[in-house]
Amino acid sequence: MRVRNKPWAKDYLANHPDHLVSQPETLKGNWQSRFPQDQPIGVEIGTGMGQFIVEMAREHPERNFVGIEIQESVVATALRKVVDSGLTNVQMVHTDGEAVNTFFAPGEVSALYLNFSDPWPKKRHTKRRLTSPIFLAHYQDVLASGGQLQFKTDNRGLFEYSLQGLNNFPMVFDGVWLDLHQATDDVEDIQTEYEQKFSAKGPIYQVIAHFPE
Ligand code: SAM
């Protein structure tokens, strides 16, 4: 997803250091210092406009959240939602999530969320997919024992690739949904901007998995 440049973004990021982390590596092992309460941390990579991470933070005051987004104009929009929400249990980071294992210490993350990640359909771009084995190895480094990776998408090809990749890594599946919005079980679904936009066009797929001990 490429968005138009927002001229106000750079200044907005610079003016909100309380909600935006600019050097995540310096917090490795010390993320709780960014929050008033010491509580489990959920991380979303590819936060987009921020609706999911802000709503998760609102629904779950007993958890802390970190949203990572690579594009300046996009992260600025998410940051504005965070600031406007008044919530203190959510922080944003403007960076590439691939280096997530340099930002967090082993076991520092309780849950990881990937929502409607860019599909990178060309074979030569496979390594950029957020569910490629390179990324999975980094997630394994930072997730606490039993910590879950939650991935949802409307892209069937990316979902099939991800299911195979998680299975081969190996990861243990806690749940697979082939049509999340028609699910009959009691699964939580806090919707993202993409989800709201694209769910009318077809099913939303979801997998939740964890790394074995
Ligand atoms: N999760 C949001 C949603 O569901 O509405 C946004 C989905 S959008 C298709 C994918 C987002 O992931 C884009 O905003 C993109 O900039 C971001 N992204 C892609 N690769 C990334 C990476 N390596 N690190 C951080 N963000 C990334």
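Small disclaimer: the values here were computed from a predicted structure and weren't measured. (Residues numbered from 1 in each chain as written. Predicted model: local features only at pLDDT ≥ 70, side-chain atom pairs only at ≥ 80, totals over all residues.)

## A look at the packing of helix 2 (residues 51-59) against helix 3 (residues 72-85)
Cut-off, in case you're wondering: Angles run from 0 to 180 degrees between N-to-C directions of axes, and those axes are lines fitted to C-alpha atoms, restricted for helices to the stretch in contact. Each helix is a run of H or I in the DSSP string that is no shorter than four residues. Each strand is a run of E no shorter than two, and both are numbered from the N terminus. For this classification, under 35 degrees means roughly parallel, over 145 means roughly antiparallel, 65 to 115 means roughly perpendicular, and everything else is oblique. With the far helix as reference, a near helix turned anticlockwise by less than a right angle produces a left-handed crossing, and one turned clockwise produces a right-handed crossing. It is the C-beta atoms, placed from the backbone, that decide contacts: two residues are in contact if theirs lie within 7 Å.
At their nearest, the axes of helix 2 and helix 3 sit 9 Å apart, and the two run at 25° to each other. Taken together, helix 2 and helix 3 sit at an angle that is classed as roughly parallel. When you trace helix 2 past helix 3, the crossing you get is right-handed. Here helix 2 contributes Gln51, Val54 and Arg58 to the contact with helix 3, which in turn contributes Lys81, Val82 and Ser85.

## Comments concerning the pairing of strand 4 (residues 90-94)
Under the convention used in this document: The burial label depends on the number of other C-beta atoms within 10 Å of a residue's C-beta. Counts of 20 or more mean buried, 12 or fewer mean exposed, and intermediate counts mean partly exposed, with C-beta atoms placed from the backbone. DSSP-based pairing: two strands are paired if at least 2 bridges between them are found.
Summarising burial for strand 4: 5 of the 5 residues are buried, a large majority. Covered by surrounding structure in strand 4 are Val90, Met92 and His94 together with Gln91 and Val93, the residues of both alternating faces. Inspection of the sheet shows strand 1 (residues 20-21) paired to strand 4 by 2 bridges, in the parallel sense. Each bridged residue has a counterpart across the sheet, and for Leu20 the counterpart in strand 4 is Met92.

## As for the UniProt feature "binding site: substrate" (unreviewed entry) in the protein
Our working definition: UniProt positions are given in the numbering used here, feature names are shortened, and annotations may be inferred rather than shown by experiment.
Here, the residues flagged by UniProt with the feature "binding site: substrate" (unreviewed entry) are Lys122, Asp154, Thr192, Glu193, Tyr194 and Glu195. Over a stretch of 74 residues, the named residues are scattered through the fold, their C-alpha atoms separated by up to 24.9 Å. Along the chain, Thr192 turns up in the loop between strand 7 (172-177) and helix 7 (193-198). Each residue touching Thr192, except ones within four places of it in the same chain, is listed here: Gly48, Gln51, Phe52, Asn115 and Phe116. By secondary structure assignment, the location of Tyr194 is in helix 7. For Tyr194, a count of 21 C-beta atoms within 10 Å gives the class buried. Non-local contacts of Tyr194, meaning those with residues more than four positions away in its chain, are made with Gly48, Asn115 and Phe116.

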